[in-house]
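A structural walkthrough
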Amino acid sequence: MSFAHLWQSAIARNPLCVGIDPAPATLAAWGLEDSPEGLASFATTMLEQCHMEAWCVKPQAAFFERHGAAGIAVLESVHRIAKDLGMVVITDAKRGDIGSTMDGYADAYLNPARPLATDALTVSPYLGTDSLTSVCKAAEKYGTGFFALALTSNPSGPQVQHAQNNGTAVAAQVFETVHNFNESVGAPLGGLVVGATIGDAARKLGIDLGAFNGPILSPGYGAQGATVEDLHTVFGNAFDKVFVNVSRGISNSGPKKIKHHIRTISSEIRGEAL
Ligand SMILES: O=C(O)c1cc(=O)[nH]c(=O)n1[C@@H]1O[C@H](COP(=O)(O)O)[C@@H](O)[C@H]1O
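Residues numbered from 1 in each chain as written. Predicted model: local features only at pLDDT ≥ 70, side-chain atom pairs only at ≥ 80, totals over all residues. Heavy atoms only, no water.

A short note on the site of the ligand
Lining the immediate environment of the ligand, one finds 17 residues, of which Asp 21, Ser 153, Gln 224, Ser 247 and Arg 248 sit closest. Between an oxygen atom of the ligand and a side-chain N or O atom of Gln 60, the distance comes to 3.0 Å. In the complex, the protein chains occlude 89% of the 510 Å² of accessible area that the ligand would expose alone. Its residues assigned to classes, the shell around the ligand comprises 5 nonpolar, 7 polar and 5 charged. (Near = heavy atom within 4 Å. Polar contact = N/O pair within 3.5 Å; in protein donor to acceptor, adjacent residues only side chain to side chain. Areas by Shrake-Rupley, 256 points an atom, 1.4 Å probe, with all protein chains shown as cover. Nonpolar A, V, L, I, M, F, W, Y, C, P; charged D, E, K, R; others polar.)

Shown next as structure tokens:
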């Protein structure tokens, strides 16, 4: 099934994307070892607790890569278990390189025949928008997806993303590249990453997120300080295509509170009373 269909049906059920970020501090808070076994235990519990509550998960590759081949094997199993549980998987590896190398990353993650195959990959367009060409081709070929960093949640993102290039902000060029790709393939396979912490930066840069024709992944809620009000400020009428990513805000208080946090945060972002 194409990523276009997968994300639309997941977001309609729950706009929360649960981050699977087995950072050393989080493993310690769970009483787990900082080892491949600790990662596997953390990730399996997270996925079990998410089942039938949230429909989108985002494993953070960095924390699996720390453990080398054994950690990557756990990431592969996270992809497999999440798919078996019917979830959409966005793998957060933020790849970005010259075209021939990006062909390798696109094949590794977006070709369903590869061991690390996933539904969608986060990618960095900050080598220039041509670094997105390979993922666009792979997405079109396989019906998989990608999220390009547009306006990130970290404080110094504006140094690059707000810079003007012939009167157009760099982030606006990323927006246009992904928007045009979706239009050319006639399916919303390309997404944008827009942090919940950016305030009204998109509007100020002339970026109309409401007009965007794909999904938006928004990190920053919770541990990075963004609130529901911030989400409304940033997204306005674009809210229905936003996956709100929360990682530490769900996992940091240990394994017993996962479901509680998922339910509470889901209700908050949907504007429902519990
Ligand atoms: O692409 C991302 O997911 C991402 C982009 C961004 O601008 N900011 C950001 O925090 N992220 C990721 O989103 C997650 C945020 O985690 P928490 O702050 O713990 O909810 C981490 O895995 C980050 O790497």
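Continuing now.
Some points on the packing of aromatic side chains
Any aromatic ring pair is given by two values, namely how distant the centres are and how the planes are angled relative to each other. In the structure shown here, the tally under the stated rule is 4 aromatic pairs. The interplanar angle of 85 degrees and the centroid separation of 6.0 Å between the aromatic rings of Phe 3 and Phe 147 together place this pair among those described as edge-to-face. Of this pair, Phe 3 sits in helix H1 (residues 3-13) while Phe 147 is found in strand S5 (residues 145-151), placing the two residues 144 residues apart along the sequence. We classify Phe 3 as buried; its relative accessible area is 1%. Its relative accessible area of 0% is what places Phe 147 among the buried residues. Considering the side-chain rings of Phe 146 and Phe 181, the 5.6 Å spacing of their centres and the 45 degrees angle between planes classify their relative orientation as tilted. Of this pair, Phe 146 sits in strand S5 while Phe 181 is found in helix H9 (residues 170-185), placing the two residues 35 residues apart along the sequence. Exposure class is identical for Phe 146 and Phe 181. Each is buried. (Phe/Tyr/Trp six-rings, centres within 6.5 Å; stacked < 30°, edge-to-face > 60°. Helix = DSSP H or I, 4+ residues; strand = E, 2+ residues; numbered from the N terminus. Buried < 20%, exposed > 50% of the residue type's maximum accessible area, 1.4 Å probe, protein only.)

Focus on the pattern of salt bridges
In total, this model carries 8 salt bridges according to the counting rule given. For the salt bridge of Glu 65 with Arg 95, the shortest nitrogen-to-oxygen distance reads 2.9 Å. Of this pair, Glu 65 sits in helix H4 (residues 61-65) while Arg 95 sits in strand S3 (residues 88-95), and the two are 30 residues apart along the sequence. Of the residues examined, Glu 65 reaches a relative accessible area of 32% and is grouped as partly exposed. (Salt bridge = Lys/Arg side-chain N within 4 Å of Asp/Glu carboxyl O.)

Overview of the UniProt feature "domain: Orotidine 5'-phosphate decarboxylase" (unreviewed entry) in the protein
Sites flagged by UniProt as "domain: Orotidine 5'-phosphate decarboxylase" (unreviewed entry) map to residues 15-262. From the first C-alpha to the last, residues 15-262 spans 11 Å; its make-up is 43% helix and 18% strand. (UniProt positions renumbered as here; feature names shortened; annotations may be inferred.)

Things to note about the sheet that holds strand S9 (residues 216-218)
Ordered by their spatial adjacency, 8 strands build a closed barrel running S1-S2-S3-S4-S5-S8-S9-S10, and the pairing between neighbours is parallel. Geometrically, the sheet is characterised by an average inter-axis angle of 30 degrees between neighbouring strands, direction not taken into account. Pairing geometry for strand S1 (residues 16-20) and strand S2 (residues 56-59), over 4 bridges, is parallel. In the strand pairing of S2, Ile 20 is matched with Pro 59. In the packing of helix H11 (residues 228-235) onto the sheet, the strands contacted are strand S8 (190-194), S9 and strand S10 (242-246), and the crossing angle to S9 comes to about 145 degrees. (Pairing = 2+ DSSP bridges. Axes fitted to C-alpha atoms, helices over the stretch in contact; angles between N-to-C directions. Contact = heavy atoms within 4.5 Å.)

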